Amino acid sequence: MLILKAQTKWRWIIAGYLFLAGLGAGAYITGVVAGFLGDEWAQLSKIGVALGFPCVAVGCGLLIFDLGRPLNFWRAAMRPNTSWMARGTIIISTFMVLGAIHIAFWIWPFGGLSAGARAVIGMLGIVFAFSTMVYTGILLGAARPIAFWSTALLPVLFFISAASTGVMAVILTASLMGVPHSGAITTLARADIILLILEVFAVAMYFQATHRVPEGRESARLVLRGQVAPLFWLGFALLGLVIPLALEVVGVFALHDGGAATAAIVASISGIIGGLILRQVVLSGGIHAPLRAGRFEFGLPII
Amino acid sequence: MARYGFVIDLKRCYGCYTCQVVCKAANHTPKGIDWARCVQAETGSFPSTLRQMLPMVCMQCAEPACLEVCPTGATQQDENGIVTVDQDLCMGCKYCMMACPYGSRQVVDAWETYFPDAEGALDPYEAYARKKWDEKYGSGVATKCDYCMDRVKQGLQPACVEACPSKARTFGDLDDPESEISILIRREGGFQLNPEFGTDPSCYYLPVR
């Protein structure tokens, strides 16, 4: 009987990195886009931009902490011609520089950057933020023997999740800061409802795409019905999708002011935790292809 | 200039694990690291079942997946096709472990003794092995089989080839059409594992009877 085991080397810390890089970039894009929408959005725009750099920086700190030789981390950008990790390092570093400049010249300590210059930095920043969000999926996808990761749907899923958690991080921070729940923030919550619905479709398609090879089917079994199932169903499906979707719908269409703010805070915290768990679920479902020799299939020993 | 390769005859291997153990002895690999591994598989359903061993080494692919994903340039391919890791450049991201289809990349997070219950200092043999390992590799970096290049340069065979009691392993030069491995591959229908990953391994297997 063929026994296939999941990889064990990339776990929560790497999940935290993939998650925070996506969340930070998503919040940044939310902030920049909000900046183009008028005065009503000014505060949300600042919150989004301010969240971008620190979240991604903490995520990179996690990645470096997980390295076997952290002091060599600066070498990671040496082979952009072949390695997605090298390209990602360059993308994320550029994003962090732009994000930090954006914060430093607009929010603190200067505050005197002209709107035109801000727009230029913002547009450049959006390009690299978008690349960061997609890259977290492509990074895993470049590991070809792991069918669960090596699919074009993973960058799509991670991008939607990154956008959604980014929006929720902005909503959460704004709600905690007491921004009134009307107008702009409600619109943001409506946008997140759409993102969450898209995420449901993306995750369904993602699992649909696993069935072609035995290791992909085993990954899906492990995640949907096996050892990882509680984490997937309770952590991602419930916390990450159902609760935020339900609370945001109720918050947008039925509640006002204080009630809406409470619903938004609970929904956002729940959804953000779900986003982290999604990364961990995908990592812990990573199973290498069996080796085939004639009629025999050999499961790779645990790595 | 050569392209070093292996031929492993699946019908000769009877699963004694000598290669796995002698590799540890020759390369001082610590607990958790097995560059020359034997894995087994079963097929059929009772009562007509079969068991087969698959002895492995690094495939030293011509198009190595580990080399493609290595972000630091630590992974290199020498003029004989041997893929090596420069321990000073490796940052231990483990991306190569995810990308290698054959499980040839291995990392030890922290060196561990085989005898955790023994009191006092390590016994001299284990202490020696640890010293040799730390000199050449150490913890936290990717390590892999290099077809015992130190031995090959001295005119010896790789340790697992020399030790295999059933002569299932043959080492040689794939570029030389008259080498023993080239003849074996031609005559007995040698094949590569999982060619669908496009890595063009230099290790060939001879089919089960």
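Just so we're clear, the structure is a prediction, and the values are computed from it rather than from any experiment. (Residues numbered from 1 in each chain as written. Chains lettered and ligands numbered in written order. Predicted model: local features only at pLDDT ≥ 70, side-chain atom pairs only at ≥ 80, totals over all residues.)

Participant: Looking at this structure, I do not really get the overall build of chain A. What am I missing?
Facilitator: Within chain A one finds 9 helices and 2 strands. Seen in sequence order, chain A has helices and strands lined up from the N terminus as α-α-α-α-α-α-α-α-α-β-β. Against the compact-globule benchmark of 19 Å for 303 residues, chain A has a radius of gyration of 20 Å, which places it among compact chains. Projecting the C-alpha coordinates of chain A onto the three principal axes gives extents of approximately 70 × 45 × 25 Å. Across the 303 residues that make up chain A, the buried fraction comes to 53%. Across chain A, every contact between residues at least 6 apart in sequence was considered, and the portion connecting residues at least 24 apart equals 76%. (Helix = DSSP H or I, 4+ residues; strand = E, 2+ residues; numbered from the N terminus. Rg over C-alpha atoms; globule rule 2.2 N^0.38 Å. Buried ≥ 20, exposed ≤ 12 C-beta atoms within 10 Å, placed from the backbone. Contact = placed C-beta atoms within 7 Å.)

Participant: I would appreciate a short explanation of the overall build of chain B in the present structure.
Facilitator: Across its full length, chain B holds 7 helices and 9 strands. What you see for chain B is a C-alpha radius of gyration of 18 Å, in line with the 17 Å of a compact globule of 209 residues.

Participant: Can you walk me through the nonpolar core in this structure?
Facilitator: For soluble globular proteins, nonpolar side chains are generally found buried alongside one another. Judged by nonpolar contacts, the single largest core of 160 residues is most densely connected at A:V170, A:I171, B:V69 and B:A99. Those residues within four positions of B:V69 in sequence are excluded, and the remaining contacts are A:S83, A:W84, A:M85, A:A142, B:Y95, B:C96 and B:A99. (Core = buried A, V, L, I, M, F, W, Y, C linked by C-beta atoms within 7 Å.)

Participant: Which parts of the structure should I look at to understand the sheet that holds strand 1 (residues 4–9) of chain B?
Facilitator: Two orientations exist for strands paired in a sheet by backbone hydrogen bonds: parallel and antiparallel. All names here are of chain B. Strand order across the open sheet formed by 3 strands is 8-1-9, with mixed pairing between neighbours. Each end of this open sheet is capped by a strand with a single partner; those strands are strand 8 (169–173) and strand 9 (203–206). The mean angle between the axes of side-by-side strands here comes to 20°, regardless of whether they run parallel or antiparallel. (Pairing = 2+ DSSP bridges. Axes fitted to C-alpha atoms, helices over the stretch in contact; angles between N-to-C directions.)

Participant: Looking at this structure, I do not really get unusual backbone geometry. What am I missing?
Facilitator: Among all residues save glycine, negative phi is the norm, and among peptide bonds the norm is trans. Residue and element names in this part refer to chain B. Residue P47 is reached from F46 by a cis peptide bond, and omega for that bond is 5°. We note that Y17 has phi near 65°; this positive angle belongs to a residue other than glycine. Turning to its location among the elements, Y17 is positioned in the loop between strand 1 and helix 1 (18–27). Y17 sits in the partly exposed class, given 13 other C-beta atoms within 10 Å.

Participant: How should I be thinking about the interface of chain A and chain B in this particular structure?
Facilitator: It is common to give the size of an interface as the accessible area that goes away when the parts come together. With 38 residues of chain A in contact, the opposing surface of chain B contributes 39 residues. Counting residues per element, the ones that place at least two in the side of chain A that touches chain B are helix 3 (84–107), strand 1 (291–293) and strand 2 (296–298) of chain A. The biggest single contributor to the side of chain A that touches chain B is helix 3 of chain A, with 4 residues. In terms of residue class, the side of chain A that touches chain B is made up of 22 nonpolar, 8 polar and 8 charged. (Nonpolar A, V, L, I, M, F, W, Y, C, P; charged D, E, K, R; others polar.)

Participant: Just to check I follow, could you spell out the environment of B:P124 for this structure?
Facilitator: Residues and elements named next belong to chain B. Residue position: P124 is located in helix 4 (residues 124–136). On the neighbour-count criterion, P124 (8 C-beta atoms within 10 Å) is exposed. Along the chain, P124 and P195 lie 71 residues apart, while their C-alpha atoms are 44 Å from each other.

Participant: I'm lost on the confidence of the model for chain B in this one. Help?
Facilitator: Regions with low pLDDT carry predicted coordinates that are not meant to be interpreted in detail. The predicted model of chain B has a mean per-residue pLDDT of 92, with 100% of residues at 70 or higher. The ipTM, which scores confidence in the relative placement of chains, is 0.90 for this predicted complex, and the corresponding pTM is 0.93. (pLDDT = per-residue confidence, 0-100.)

Participant: Just to check I follow, could you spell out helix 1 of chain B for this structure?
Facilitator: All names here are of chain B. Along helix 1, the positions that sit buried rather than exposed are C19, C23 and N27. Angular distribution of buried residues about the axis of helix 1 spans 45°; they occupy a single face of the element. Where helix 1 terminates, the next one or two residues include H28, which has phi positive at roughly 55°. (Arc of directions from axis to C-beta.)

Participant: Help me understand the pairing of strand 9 of chain B, please; the structure alone is not making it clear to me.
Facilitator: Every other side chain in a regular strand lies on the same face of the sheet, so the side chains alternate between the two faces. All names here are of chain B. Residues C203 and Y205 point to one face of strand 9 and Y204 and L206 to the other, with burial holding for every one of them. Note: strand 1 against strand 9, 4 bridges, orientation parallel. Residue pairing across strands places F6 opposite C203, the latter belonging to strand 9.

Participant: Honestly, helix 5 (residues 153–176) of chain A in this entry has me stumped. Any pointers?
Facilitator: An α-helix turns once every 3.6 residues. As a result, residues three or four positions apart point the same way. All names here are of chain A. Between the first and last C-alpha of helix 5 there are 34 Å, a value that for 24 residues agrees with the 34 Å anticipated at 1.5 Å per step. Of all 24 residues that make up helix 5, 19 are buried, and the element is covered over most of its length. G178 occupies a position one or two residues after helix 5 and carries a positive phi of about 85°. (Expected span 1.5 Å × (residues − 1).)

Participant: Mind showing me how you'd approach the environment of A:M96 here?
Facilitator: Counting through the fold element by element, A:M96 comes out in helix 3. Residue A:M96 is classed as buried on the basis of its C-beta count, with 21 C-beta atoms lying within 10 Å.

Participant: Could you clarify how one ought to interpret the pairing of strand 1 of chain B in this entry?
Facilitator: Residue and element names in this part refer to chain B. Among the 6 residues in strand 1, 6 count as buried, and that is most of the element. Every second residue of strand 1 is oriented toward a common face, with Y4, F6 and I8 on one face and G5, V7 and D9 on the other, all of them buried. Two strands pair when backbone bridges link them, and strand 1 and strand 8 are joined in this way by 5 bridges, in the antiparallel orientation. Looking at the pairing, G5 lines up with G172 of strand 8.

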